[in-house]
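Here is what each chain is made of, one letter per residue.
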Amino acid sequence: MQIDTAAARATAPLFETINVTKAFGVFKALRNVSFSVSDGEFVSIVGPNGAGKTTLVNVVTGLLRPTVGEVRFMGQDIAGIGPVELARRGMSRAFQLVNIFPALTVRETLAVAVASRLRRVGNPFRSLRRDDVLQADAERIAEVLGLRARLETVASTLSQGEKKLLDIASAFALNPSVILLDEPTSGVSSGDKHAIMGVLVTAAKAAGVRAIVQVEHDMDLVERYSHRIVALQEGTVLADMAPDAFFKDPAMISAVVGTRPQPLRKMH
């Protein structure tokens, strides 16, 4: 993984779930889920469809309040506070479905995200072009995410891979300590997937992001970039282990994805 574990600054987790259960009526989407993420880690959450992955991320990011259990970020209870307040505290999320403003340019989209971080929310569109602080920060973020040449391009005309990068860049614009990615490369070609992930982890290191958590189905990406893999099955934690151990366990692979992907060289 590309975030330097040797630079870890704290022994306490950046965030953790403690015995989290989330019920929808009689159905329990999550049952007694406990896991944590520490400084410098890239953690992948994997599992078959219906395992509870997205529900877990929704609970972690405050979109859903757990029925039972605790969710803590930087030592504080964040259960149900919502993604806007959570972003202000230092955790932001990029979604599986691209959440861009299709009529805005890349520059304007990033400037809106910066305005949100700076709490310039009265009418952020009115002075996007005239605000030097917003423009400088938008250009900086575009540079690190490889979108500098697209600053004046209308978002709806970007390629799918570029739209993904713009969505991720908008999350980076919030200056997060932790970023959560919900299938960050879904819907793009295999070649673009690796390009996006390479840009993402390089940008994270440059921006001082302290940890990355991703929900991902692509086992190539999981194996290549993860420090740890948290596997879910039927709403419970099936395993929390290092990639080497995970991919050497045929029963684990069968339970999570059914087949073993071809081995990849670990990236550092």
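See the structure printed just above.
Rules behind the numbers
Residues numbered from 1 in each chain as written. Predicted model: local features only at pLDDT ≥ 70, side-chain atom pairs only at ≥ 80, totals over all residues. Heavy atoms only, no water. Pairing = 2+ DSSP bridges. Helix = DSSP H or I, 4+ residues; strand = E, 2+ residues; numbered from the N terminus. Axes fitted to C-alpha atoms, helices over the stretch in contact; angles between N-to-C directions. Contact = heavy atoms within 4.5 Å. Expected span 1.5 Å × (residues − 1). Buried < 20%, exposed > 50% of the residue type's maximum accessible area, 1.4 Å probe, protein only. Salt bridge = Lys/Arg side-chain N within 4 Å of Asp/Glu carboxyl O. Phe/Tyr/Trp six-rings, centres within 6.5 Å; stacked < 30°, edge-to-face > 60°. Lys NZ or Arg CZ within 6 Å of the ring centre and 35° of its normal.

Participant: Just to check I follow, could you spell out the sheet that holds strand β5 (residues 76-77) for this structure?
Facilitator: Adjacent strands of a sheet pair through backbone hydrogen bonds, lying either parallel or antiparallel. Spatially, four strands are ordered β2-β1-β4-β5 in an open sheet, and the strand pairing comes out antiparallel. In this open sheet, the two edge strands, each paired with only one partner strand, are β2 (27-37) and β5. In this sheet, β5 lies alongside strand β4 (residues 68-73) in antiparallel orientation, the contact comprising two bridges. For R72, the partnering residue across the bridge sits in β5 and is D77.

Participant: Explanation requested: the sheet that holds strand β6 (residues 91-94) in the structure shown.
Facilitator: One open sheet accounts for six strands, arranged β6-β7-β8-β3-β9-β10; its pairing is mixed. The two strands at the open ends of the sheet, each matched to only one other strand, are β6 and β10 (236-241). Taken over all neighbouring pairs, the strand axes of this sheet differ in orientation by 15 degrees on average, direction set aside. One ladder, built from four bridges, connects strand β3 (residues 42-46) with strand β9 (residues 228-233); its direction is parallel. Looking at the pairing, I45 lines up with V230 of β9. Helix-sheet contacts for helix α5 (residues 160-172) involve β6 and β7 (178-182), and the interaxial angle to β6 is about 170 degrees. Lying on the sheet, helix α6 (residues 190-207) is in contact with β3, β7 and β8 (211-215); it crosses β8 at an angle near 155 degrees.

Participant: Looking at this structure, I do not really get the pairing of strand β1 (residues 15-24). What am I missing?
Facilitator: The side chains of a regular strand alternate, first on one face of the sheet and then on the other. For β1 and β2, the ladder comprises seven bridges, and the chain directions are antiparallel. Across the sheet, the residue bridging to F15 is V37, located in β2. In sequence, β1 turns back onto β2 through a hairpin of two residues, with G25 there showing a positive phi of about 65 degrees. The sheet contact formed by β1 and β4 spans five bridges and is antiparallel. Bridge pairing links T17 to V71 in β4.

Participant: So what exactly am I meant to see when it comes to helix α4 (residues 132-144) here?
Facilitator: For the α-helix, the turn length of 3.6 residues means that residues three or four positions removed from each other point alike. Its 13 residues give α4 an end-to-end C-alpha distance of 19 Å, which sits within 8% of 18 Å, the value for a rise of 1.5 Å per residue. All buried positions along α4 are accounted for by L134, Q135, D137, A138, I141 and A142. Trailing α4 by a residue or two, G146 shows a phi angle of about 75 degrees, which is positive.

Participant: How should α6 be read in this particular structure?
Facilitator: Under the 1.5 Å per step criterion, the end-to-end length of α6 is 26 Å for 18 residues, consistent within 8% with the ideal 26 Å. In the core, the buried residues of α6 are packed alongside β3, α4, α5, β7, β8 and α7 (219-225). Positive backbone phi, at 80 degrees, marks G208, one or two positions downstream of α6.

Participant: When you look at the pattern of salt bridges in this model, what are you seeing that I'm missing?
Facilitator: Pairs may arise between side chains of opposite charge once their charged atoms sit close together. Enumeration over the complete set of coordinates arrives at 13 salt bridges. R93 is paired through a salt bridge with D182; the nearest N and O atoms lie 3.3 Å apart. With R93 in strand β6 and D182 in strand β7, this pair connects stretches of sequence that are 89 residues apart. Here R93 matches D182 in class, with each residue buried. Here E152 and R107 are joined by a salt bridge, their closest N and O atoms 2.7 Å apart. Taken together, the residues E152 in the loop between α4 and α5 and R107 in helix α3 (residues 106-117) connect sequence positions 45 residues apart.

Participant: Got a minute to help me understand the side chain of R228 in this structure?
Facilitator: Positionally, R228 belongs in strand β9. Discounting residues that sit within four places of it in the chain, R228 has contacts with F35, S36, V37, E41, F42, V43, S44, D240, M241 and P243.

Participant: Hey, could you run me through the packing of aromatic side chains in this one?
Facilitator: Given two aromatic rings, one states the distance between the centres and the angle between the planes to describe the pair. For the structure on display, the rule yields three aromatic pairs. Judged by centre distance (5.9 Å) and plane angle (90 degrees), the ring pair of F15 and F35 falls under edge-to-face. Of the two residues, F15 is situated in strand β1 and F35 in strand β2; the sequence distance between them amounts to 20 residues. An identical accessibility class is assigned to F15 and F35; each is buried. Arranged with centres 5.0 Å apart and planes meeting at 75 degrees, the rings of F246 and F247 form a pair that is edge-to-face. Taking relative accessible area as the criterion, F246 reaches 0% and is therefore assigned buried. Relative accessible area serves as the criterion here: at 5%, F247 is assigned to the buried category. Over the face of the ring belonging to F24 we find K22, whose NZ or CZ atom lies 5.3 Å from the ring centre.

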